Amino acid sequence: MNKVIIVESPSKSKTIGTYLGKGYTVLSSKGHICDLATSGKEGLGIDCEHGFIPTYTINKDKKELVDYLIKECKNKEVLLATDPDREGEAIAYHLARELNLDLDSNNRIEFHEITKTAVKEALENPHKIDLKMVDSQESRRMIDRILGFKLSKLMQRKINSKSAGRVQSVALLLIVNLEREILSFVPVVYFDIDAEYKDTKIKLVEVNGEKFDKDHKILKRDILDDLVANLKEFKVSAIDVKNVKRSSQPTYTTSTLQQDAVNRLNFTPTKTMSVAQSLYEGKNIGSETVGLITYMRTDSTRLAESFVNDASRYILNNFGKEYLGSVKVRNQKGMQDAHEGIRPTSIDRTPDSLKNYLTSDEYKLYKLIYNRTLSSLMASSVYKSTVISLDNFNSKWTMQSSELTFEGYLSVYKDNDEEEESKLPKLEIGSLFNADYINVVEKETEPKKRYTEATLIKEMENLGIGRPSTYATTIQVLKERDYVSLDKKNLVPTSQGILTTEKLQEFFSPIINVKYTANMETALDEIAKGNKDKKEELTEFYDGFMPLFDKAKENMKSKYPIITDKTCPYCGHLLVIRNGKFGEFTSCSNYPHCNYIEKVDTQAEFIGVKCPSCDGEIVRRESKRGVFYSCSNYPKCNVTFNDMPTEELCPKCGSIMLKDKNGNLYCSAHCESQLDDTYICPTCGQGHIVIKTASRGKNRGHQFYTCSNYPKCKTILLGKPTHEVCPNCNSMMVINESGNLVCNNSCKDKKEVVSTGVKCPNCGKGELVLRNAKKGKNKGEDFYGCSNFPKCKTIISKEEFVKLK
């Protein structure tokens, strides 16, 4: 009997399909096939009054796919190979239900890496769908639906906030609380001594028997002024030299991978997970298609014994015995430890060996994962640490240095907080010397730093908020909802984000807090293990949430309508700002007796540049096709630009200068005396030629010249543009890879265009050229057309050309 294997991702199905021979068909569900319905009481899709019974419906975009899967699986053995986590288990359960599979049969297989060995091993060890895992996922989904739907609608209606969720609201609370702490911070002035001897800092540690450090500071300047006035020569009282080992970090978890990718690669968490997904699902590396990393949603740092053995062999062969270390495993409260850590599927697939098969982002992330994993199995680095203790007039001082004596794991992976090497001047016990300079300096204590995406993920993990699969989406939602903004990588709450938190804490603090959310995650874990009952947990949540919701619904003050100082031009009543389906709008307070609504261009943003054609100003607008710039007097004035206008004028023609996405200036009129590296597009005549790099295909990584109006204009030049025109067909001349000046239309190479010297009778700009039809009913026949094609589509027969000539 033929077997059908169903996975989540189409790319994953292609990879697995290459491992299996005849008798196997690999299909994809493309993620979840169904979700809770939006019908029923309050659109929850849950019968909360009769035991929390969910109602599922097939997603609209999956109906044809489900019908196709049912047809393909008929009378065949079906194996469900969705991802090895709660979401994957739920997808397998819903597939089994739609395909009428027996839940008591061993029709579930799992693999944590997509390699030929792992897939075959999974096929040999099928098992039943874990219904406790399904209960856990279903509980989480129902809690998020009840809380999310009800809270979001309430917050939208009352204060115009777009959404509120179980995890995102607590993450926002962390950001807002930290911001409040920063704003209320009062700096404390303290004093220190800045001293140096032969480029080595001298640090004060004790005065008159009182020790000072980062937690115990000197608040009175006169203490240090008196000390400096009485200082004599420094005397070396002790020299302590020892070797300090620094161990490598364990292999990546989802959290630590996202943090490192933010700090080292400048990737957002969402981008990191997207790139990691492509590495996991499989890449064509020439000889085979294979998954390059293990499953990327994990909180474990375990490594398979077989991989550890292979990696140890690699370290011995490439670095030597002294570089061989041991496995580092990190234990943390709340760990599920369901999978290995994130690692390469083969230590022999080095980043450099795969560079030609990966995109730039894939290569960067794979190299990061590979080096971190390899370093986790390597020996500690060793530093020679030297501390020189000094005495001087009732005070004690130190000079320190750190010198790397053995690289160990640092030979492949550098730490973010790697120790800075330094050398001390040659001194012995009893040596005397005077400092090169000594100054008393005034300093201030500083507030805590704002969260970055990396540090917020770290904090969420430490507090037990969310799970590996939710970190990236939580932060992405906060940004999309305009609850936070990014300022130099720092997460700053917006006024709407602060207002949202204030209202949630006023009415829902018993459930929107760190402790409750962390306990909820633990309860979901216990349901998955079979230690807690799904219905009991849902009842406990619902009974605690609904009284809070009912109170908030009745007592939360609405932000709208907001009274303005404007009057209605129709009836004279005051205008008010209201909140509608599409956001804020201004209308008459006398509604419904007066239907006046103020017309405002909400999508226009002034950029401080005057319109070159009238007395209006240039504004930034957004359309379905993207951002563009136009005059504020539209439609009276039709001035528009694709790139951002500036206040600078072209030195030759006086036209306004534009700035492209790369920050390059060029003339809006595209005059010929503009900057040498700016050229008008020969096809559309509106955009300009820019350099881009191919991100995929056989030319991946190669630069090419194209129009800035892409995708409207799909012009691609054969080489570097010039201002010269082809004497044969009037096309742009370009410089090809060989350095030769050639026609971009390749007219001489094609030998299909012959210039006649006769002006085009229609456009009057181009010349009639002799061409040869390549297709259609007149294929092979000669005809005369304009050299300005495709702008001018003039076609003249031989007979008409003779008469014209």
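Quantities reported herein were computed from a predicted structural model and do not represent experimental measurements.

A short note on the overall build of the protein
Working step 1: Helix and strand counts for the protein stand at 19 helices and 38 strands.
Working step 2: Each of the 805 residues in the protein was classed as buried or not, and the buried ones make up 46%.
Working step 3: The contacts in the protein between residues at least 6 apart in sequence include a share of 60% that link residues at least 24 apart.
Working step 4: For the protein, the accessible area works out to roughly 43700 Å², and carbon and sulfur atoms hold 48% of it.

Quick look at a negative patch on the surface
Working step 1: Together, D533, E536, E540 and D543 make up a region of like negative charge exposed at the surface.
Working step 2: Residue placement: E540 occurs in helix α17 (residues 534–555).

So, the side chain of E89
Working step 1: Positionally, E89 belongs in helix α3 (residues 86–98).
Working step 2: Apart from the residues lying within four places of it in its own chain, the contact partners of E89 are T82, D83, R108, E110, K128, I129, D130, M133 and V134.

Structural notes on the nonpolar core
Working step 1: The biggest cluster of nonpolar side chains holds 72 residues, and the ones touching the most others in it are I6, L80, I146, F508 and F545.
Working step 2: Among the nonpolar cores identified, the runner-up in size contains 57 residues, and V7, I109, Y295 and Y409 belong to it.

Focus: the pattern of salt bridges
Working step 1: Per the counting criterion, the structure on display carries 39 salt bridges.
Working step 2: Linking E42 and K150 is a salt bridge whose minimum nitrogen-to-oxygen distance equals 2.5 Å. With a gap of 108 residues between them, E42 in the loop between β3 (34–36) and β4 (46–47) and K150 in helix α5 (residues 131–159) connect regions that are remote in the sequence.
Working step 3: On the basis of relative accessible area, E42 is assigned to the partly exposed category, the value being 39%.
Working step 4: Measuring nitrogen to oxygen at the nearest pair gives 3.8 Å for the salt bridge that ties K443 to D192. Of this pair, K443 sits in strand β17 (residues 437–444) while D192 is found in strand β8 (residues 189–197), placing the two residues 251 residues apart along the sequence.

Points about helix α1 (residues 10–17)
Working step 1: Within α1 the residues assigned to the buried category are K12, S13, T15 and I16. Along the long axis of α1, the arc covered by the buried residues comes to 160°, so they all point the same way.
Working step 2: Its buried side turned inward, α1 meets β1 (3–7), β2 (24–28), α4 (116–123), α9 (269–281) and β13 (289–290).

What about the pairing of strand β28 (residues 656–659)?
Working step 1: Judged from the three bridges that link them, strand β27 (residues 644–649) and β28 form a sheet pairing that is antiparallel. By the bridge assignment, L649 is partnered in β28 with I656.
Working step 2: In this structure, the hairpin formed by β27 and β28 is closed by a connection of six residues, where G654 is found at a positive phi of approximately 80°.

Section: the packing of helix α6 (residues 166–183) against helix α14 (residues 471–480)
Working step 1: Packing of α6 against α14 brings their axes to within 10 Å, and their N-to-C directions diverge by 70°. Judged by the inter-axis angle, α6 sits roughly perpendicular to α14. Packed against α6, whose contacting residues are V167, Q168, A171, L172 and I175, the element α14 presents T474, V477 and L478 at the interface.
Working step 2: Looking at side-chain class alone, the contact of α6 with α14 contains six nonpolar, two polar and no charged residues.

Describing the sheet that holds β2
Working step 1: What the three strands build is an open sheet, ordered β2-β1-β7; its pairing is parallel. Across the chains shown, the open sheet's two edge strands, defined by having one partner strand only, are β2 and β7 (77–80). Sheet twist, expressed as the average angle between the axes of neighbouring strands with direction ignored, equals 25°.
Working step 2: Sheet analysis places β1 next to β2, joined by five bridges and oriented parallel. Across the sheet, the residue bridging to V7 is S28, located in β2.

A closer look at the packing of aromatic side chains
Each aromatic ring pair is characterised by the separation of its centres together with the angle its planes make.
Working step 1: Under the criterion given, the structure shown has 12 aromatic pairs.
Working step 2: Ring geometry for Y197 against F433: centres 4.1 Å apart, planes inclined by 20°, an arrangement best described as stacked. Placement of Y197 in strand β8 and of F433 in strand β16 (residues 432–433) is noted, with a sequence separation of 236 residues between them. Like Y197, the residue F433 is buried in the burial classification.
Working step 3: Connected via pairs of aromatic rings, a cluster forms that spans Y197, F234, W397 and F433.
Working step 4: The cationic tip of R145 hangs over the ring face of F149; the distance from NZ or CZ to the ring centre is 4.3 Å.
Working step 5: Directly above the aromatic system of Y190 lies the positively charged group of K217, at a separation of 4.5 Å from the ring centroid.

Considering the sheet that holds strand β34 (residues 741–743)
Working step 1: Spatial ordering of the open sheet is given by β32-β33-β34, a layout of three strands whose pairing is antiparallel. Looking along the sheet, the strands with just one partner apiece sit at the ends: β32 (720–725) and β34. With direction set aside, neighbouring strand axes in the sheet form an average angle of 40°.
Working step 2: Where β32 meets strand β33 (residues 732–735), three bridges bridge the pair, whose relative direction is antiparallel.

Side note on the side chain of E281
Working step 1: Relative to the assigned elements, E281 resides in helix α9.
Working step 2: There is a polar contact of 2.7 Å between the side chain of E281 and the side chain of Q277.
Working step 3: The contacts of E281, once residues within four sequence positions are left out, are S9, S11, K12, T15 and I114.

Some details on α14
An α-helical segment advances 3.6 residues per turn. Residues three or four places apart therefore align on the same side.
Working step 1: All of the buried residues in α14 are Y471, A472, T474, I475, L478 and K479. The buried residues of α14 all sit within an arc of 165° when viewed along its axis, so they share a single face.
Working step 2: Structurally, α14 contributes buried residues whose contacts are with α6, α8 (254–265), α9, α13 (453–463) and β18 (484–487).

Side note on the environment of C631
Working step 1: Here C631 lies in strand β25 (residues 626–631).
Working step 2: Residue C631 is classed as buried on the basis of its relative accessible area of 0%.
Working step 3: Taking the C-alpha atoms as reference points, C631 and D615, separated by 16 residues in sequence, lie 9.2 Å from one another.
Working step 4: For C631, the contacting residues outside a window of four places in its chain are C611, C614, G616, E617, I618, V619, R621, C637 and V639.

Details of the pairing of β18
Working step 1: Relative to strand β19 (residues 490–493), β18 is paired through four bridges, and the arrangement is antiparallel. Note on β19: the bridge partner recorded for V484 is P493.

Quick word on the confidence of the model for the protein
Working step 1: Looking at the protein, pLDDT values average 85 and 90% of them are 70 or higher.
Working step 2: The secondary-structure element of the protein with the lowest mean pLDDT is helix α18 (residues 747–750), recorded at 51, while helix α12 (residues 360–376) shows the highest, at 95.
Working step 3: Confidence over residues 672–676 falls short of pLDDT 50; this stretch has seven contacts with residues more than four positions distant or in other chains.
Working step 4: Here residues 749–753 is modelled with pLDDT under 50, and outside its nearest four sequence neighbours on either side it reaches 13 contacts, counting other chains as well.

A few points about the environment of L131
Working step 1: Turning to its location among the elements, L131 is positioned in helix α5.
Working step 2: Given a relative accessible area of 39%, L131 falls into the partly exposed group.
Working step 3: For the pair L131 and A90, spaced 41 residues apart in sequence, the C-alpha to C-alpha distance is 8.5 Å.

Analysis parameters
- Residues numbered from 1 in each chain as written.
- Predicted model: local features only at pLDDT ≥ 70, side-chain atom pairs only at ≥ 80, totals over all residues.
- Heavy atoms only, no water.
- Helix = DSSP H or I, 4+ residues; strand = E, 2+ residues; numbered from the N terminus.
- Buried < 20%, exposed > 50% of the residue type's maximum accessible area, 1.4 Å probe, protein only.
- Contact = heavy atoms within 4.5 Å.
- Areas by Shrake-Rupley, 256 points an atom, 1.4 Å probe, with all protein chains shown as cover.
- Patch = residues over 30% accessible without salt bridge, like charges linked within 9 Å, V, L, I, M, F, W, Y side chains within 5 Å.
- Salt bridge = Lys/Arg side-chain N within 4 Å of Asp/Glu carboxyl O.
- Lys, Arg positive; Asp, Glu negative; His and termini not counted.
- Charge placed at Lys NZ, Arg CZ, Asp CG, Glu CD.
- Core = buried A, V, L, I, M, F, W, Y, C linked by side-chain atoms within 4.5 Å.
- Arc of directions from axis to C-beta.
- Pairing = 2+ DSSP bridges.
- Axes fitted to C-alpha atoms, helices over the stretch in contact; angles between N-to-C directions.
- Parallel < 35°, antiparallel > 145°, perpendicular 65-115°, else oblique.
- Nonpolar A, V, L, I, M, F, W, Y, C, P; charged D, E, K, R; others polar.
- Phe/Tyr/Trp six-rings, centres within 6.5 Å; stacked < 30°, edge-to-face > 60°.
- Lys NZ or Arg CZ within 6 Å of the ring centre and 35° of its normal.
- Polar contact = N/O pair within 3.5 Å; in protein donor to acceptor, adjacent residues only side chain to side chain.
- pLDDT = per-residue confidence, 0-100.

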